[in-house]
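Fold and contact review
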Amino acid sequence: MSPRRVLIVGGGLVGLSCAYELVTRGVTVTLVDPAPALGATRAAAGMLGAVSETHFGETDHAPLLLSAAAAWPAFAAAIVAASGIDIAFHASGTLLCGVTQSDRVEMDRLAALHLNLGLETREVNRSELRTIEPSLSARITRAHLVSSDHQVDGRATAAALQAIVRRLGACFVPQSVISIAPQPSGVTVTDNVGHTYEVDHVVVAAGSKVNSIEGLNRDLVPKVRPVKGEILRLFDPQRSLRHVIRAMVAGRSVYLVPRPNGEVVLGATSFENSDDETVRAVAVFELLSDARSVFPGLDELSFMEASAGLRPARDSGNPFIARDGDRITVLGGHNRNGILLSPITAAVAAGLILEGAHPQADLFEVLT
Ligand code: GLY
């Protein structure tokens, strides 16, 4: 029987998108999170980089990432219409470029990989680059344009989804889930203040915190490791940049995401197995220094914020949907692509939970 009462553990963009898919189909949703949308979702830059996030060794993700990107325009239109909140879904396109000669060679190799996979990318020479992105450093003599890799404001998207699901009756509980225990009929969930919830189904969308929840079947649910990403926000009143810029600077990656409202998001570090969300001084130093090599005008921007989030990474790299019987669904391993993957993850999860199937389920590693 299709579940009528679902509890969602985690109010990041994956959990909120699931809440949206379920409440709009008449399910009673309780979402438990001490601070919804204030973890990895708050830190995320919001790049919808299906092509530019296809790296060597991770090419089997490409069909999922491309389908995830294809889901975004309709998802964005629906939640903007339902909430009245502008989520800054912006078809900016993305430029991949390198600063030193070896960085350029590295980016050319990546673009060649994309072309070999049939992904859309086009080389832009120096003179065209000066026309389409005049604020880049003169040291950048060519780039690769991925016209289909866009961006969205993850914070605004989370705010829009919260507004919609609250209006449709979802209940938010500001606590942490400690344990999940399947019962002969339904599931019992216990939070950190000892409150228990009896529901038909539980969806765990807890990012890197999934490891600490008791009662999950550890033979089924893969281990997820936290990878800290430190990220900066600046303000550019001139709105100098027109594209998302992903650059290599002396072997290090940096990206700049210029939003229509003048915000420039600059990221991000990758710090393995860090379970704290503090921002290290060296991260601020390196990000500013690398971004300045790409965009010298950075010096004049206003500094607004430094933050950090924990990417939920899995050793194999594959996002997964683990289904423990018909009462527990765990969504995880979204790693660098949580924002991009949220709508498709939620649509597939809702299909599996409510109907037992979804036409795009095969794009995920579904564990049963
Ligand atoms: N998707 C960008 C990042 O994880 O830093």
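This write-up is about the structure you can find in this document. (Residues numbered from 1 in each chain as written. Predicted model: local features only at pLDDT ≥ 70, side-chain atom pairs only at ≥ 80, totals over all residues. Heavy atoms only, no water.)

A short note on the packing of helix α1 (residues 13–23) against helix α8 (residues 338–355)
Short version of the rule: Here the axes come from fitting lines to C-alpha atoms, over the contacting stretch only for helices, and the angles between their N-to-C directions go from 0 to 180 degrees. Secondary structure is summarised from DSSP: a helix means a run of H or I of at least four residues, a strand means a run of E of at least two, and numbering begins at the N terminus for each. Roughly parallel means an angle under 35 degrees; roughly antiparallel, over 145; roughly perpendicular, 65 to 115; everything else is oblique. A crossing counts as left-handed when the near helix is turned anticlockwise from the far one by less than a right angle, and as right-handed when that turn is clockwise. Should any heavy atoms of two residues lie within 4.5 Å, those residues are counted as being in contact.
Close contact between α1 and α8 brings their axes to 8 Å; oriented N to C, the two are set at 40 degrees. In terms of axis orientation, α1 runs oblique to α8. Crossing handedness for the pair α1 and α8: right-handed. Note on element contacts: α8 touches α1 through Gly338, Ile339, Ser342, Pro343, Thr345, Ala346, Ala347, Ala349, Ala350 and Leu354, opposite Leu13, Val14, Ser17, Cys18, Glu21 and Leu22.

What to know about the environment of arginine 130
As for its position among the elements, arginine 130 is in helix α5 (residues 126–132). For the pair arginine 130 and isoleucine 140, spaced 10 residues apart in sequence, the C-alpha to C-alpha distance is 9.6 Å. Setting aside residues up to four positions removed in sequence, arginine 130 forms contacts with Leu136, Ser137, Ala138 and Ile140.

Focus: the layout of surface pockets
Quick reminder of the rule: Points on a 1 Å grid, built from protein atoms alone, make a cavity when a 1.4 Å probe fits but cannot get out and make a pocket when they are open with protein on both sides within 12 Å along at least 5 of 7 lines; residues with an atom within 4 Å of a point are the lining residues. Grid points are joined across faces, edges and corners, and a volume is the space filled by probe spheres set on the points. Residues are grouped as follows: nonpolar covers Ala, Val, Leu, Ile, Met, Phe, Trp, Tyr, Cys and Pro; charged covers Asp, Glu, Lys and Arg; every other residue, Gly included, is treated as polar.
Roughly 490 Å³ of volume is contained in the second largest pocket. In this structure, the second largest pocket is lined by 23 residues; those nearest its centre are His55, Met248, Arg252, Ser253 and Arg336. Elements represented by at least two residues in the lining of the second largest pocket include exactly α4 (101–116), β14 (244–249), β15 (252–258) and α7 (281–294). Of all the elements, β15 adds the most residues to the lining of the second largest pocket, at four residues. In the lining of the second largest pocket, the residues fall into 10 nonpolar, seven polar and six charged.

Digging into the sheet that holds strand β9 (residues 177–182)
Whenever strands of a sheet pair, they do so through backbone hydrogen bonds, lying parallel or antiparallel. Defined as follows: Should DSSP find at least two bridges between two strands, the strands are taken to pair.
Strand order in the open sheet formed by three strands is β9-β10-β11, and the pairing between neighbours is antiparallel. On the outer flanks of this sheet lie β9 and β11 (196–199), each paired with one strand and no other. Neighbouring strand axes in the sheet, compared pairwise and without regard to direction, differ in orientation by 20 degrees on average. Taken together, the four bridges between strand β10 (residues 187–191) and β11 define a ladder with antiparallel strand orientation. Within the sheet, the bridge partner assigned to threonine 190 lies in β11 and is threonine 196.

A closer look at empty space enclosed by the protein
With a probe scaled to a water molecule rolled over the atoms, the places where space remains empty come into view. Inspection of every chain in the model, using the stated rule, returns one cavity of 30 Å³ or more. Here the largest cavity defines a volume of roughly 100 Å³. What lines the largest cavity is simply Glu53, Glu58, His61, Leu65, Gly317, Pro319, Gly333, His334, Asn335, Arg336, Asn337 and Leu341.

Considering the nonpolar core
Where we set the bar: Buried Ala, Val, Leu, Ile, Met, Phe, Trp, Tyr and Cys residues form a nonpolar core when they are joined through side-chain atoms within 4.5 Å. Relative accessible area decides the class of each residue, using a 1.4 Å probe on protein chains only: under 20% of the type maximum gives buried, over 50% gives exposed, and in between gives partly exposed.
Core analysis: the biggest nonpolar cluster contains 50 residues, and Ile8, Leu22, Val29, Trp72, Ile79 and Ile87 have the highest contact counts within it. Secondary structure elements with two or more residues in this core: β1 (5–9), α1, β2 (28–32), α3 (62–83), α6 (154–167) and α8. Ranked by the residues each element gives to this core, the list is headed by α8, at 11 residues. Residues in contact with isoleucine 8, not counting those within four places in the same chain, are Gly15, Cys18, Ala19, Leu22, Val29, Thr30, Leu31, Val32 and Val203. Counting residues in each nonpolar core, the second largest holds 26 residues, with Ile132, Ala247, Leu266 and Leu301 among its members.

Here we look at the pattern of salt bridges
Rule in force here: Any Lys or Arg side-chain nitrogen located within 4 Å of an Asp or Glu carboxyl oxygen qualifies as a salt bridge.
This structure, assessed with the given rule, holds 24 salt bridges. Across the pair glutamate 106 and arginine 109 runs a salt bridge, and its minimum N-O distance is 3.1 Å. Taken together, the positions of glutamate 106 and arginine 109, both in helix α4 and three residues apart, correspond to about one turn of that helix. Classification of arginine 109 by relative accessible area gives partly exposed; the value is 40%. By sharing partners, the salt bridges in this structure join Asp153, Arg233, Arg259 and Glu263 into a single network.

Concerning the pairing of β14
Looking along a regular strand, one sees the side chains alternate between the two faces of the sheet. Within β14, six of the six residues are buried, which leaves the element mostly enclosed by the surrounding structure. Pairing of strand β4 (residues 94–98) with β14 involves five bridges; the strand directions are parallel. Bridge assignment links leucine 96 to a residue of β14, and that residue is arginine 246. Direction of pairing for β14 relative to β15: antiparallel, over a ladder of five bridges. Note on β15: the bridge partner recorded for alanine 247 is valine 254. Connecting the antiparallel pair β14 and β15 is a turn made up of two residues, with alanine 250 showing a positive phi of about 50 degrees.

Remarks on the site of the ligand
Where we set the bar: The rule for a residue being near a molecule or strand is that one of its heavy atoms must lie within 4 Å of it. Whenever two N or O atoms come within 3.5 Å, that pair is a polar contact, provided that in protein one can donate a hydrogen and the other can accept it, and provided that, for residues adjacent in sequence, both atoms are side-chain atoms. Computed by Shrake-Rupley with a 1.4 Å probe, the accessible areas treat only the displayed protein chains as cover when residues are assessed.
In the vicinity of the ligand, the contacting residues are Met47, Glu53, Tyr255, Ala268, Arg311 and Arg336. In the model, an oxygen atom of the ligand is placed 2.6 Å from a nitrogen or oxygen of the tyrosine 255 side chain. For the ligand, the protein covers 88% of the area, taking 200 Å² as the surface of the free molecule. Broken down by class, the residue content of the shell around the ligand amounts to three nonpolar, no polar and three charged.

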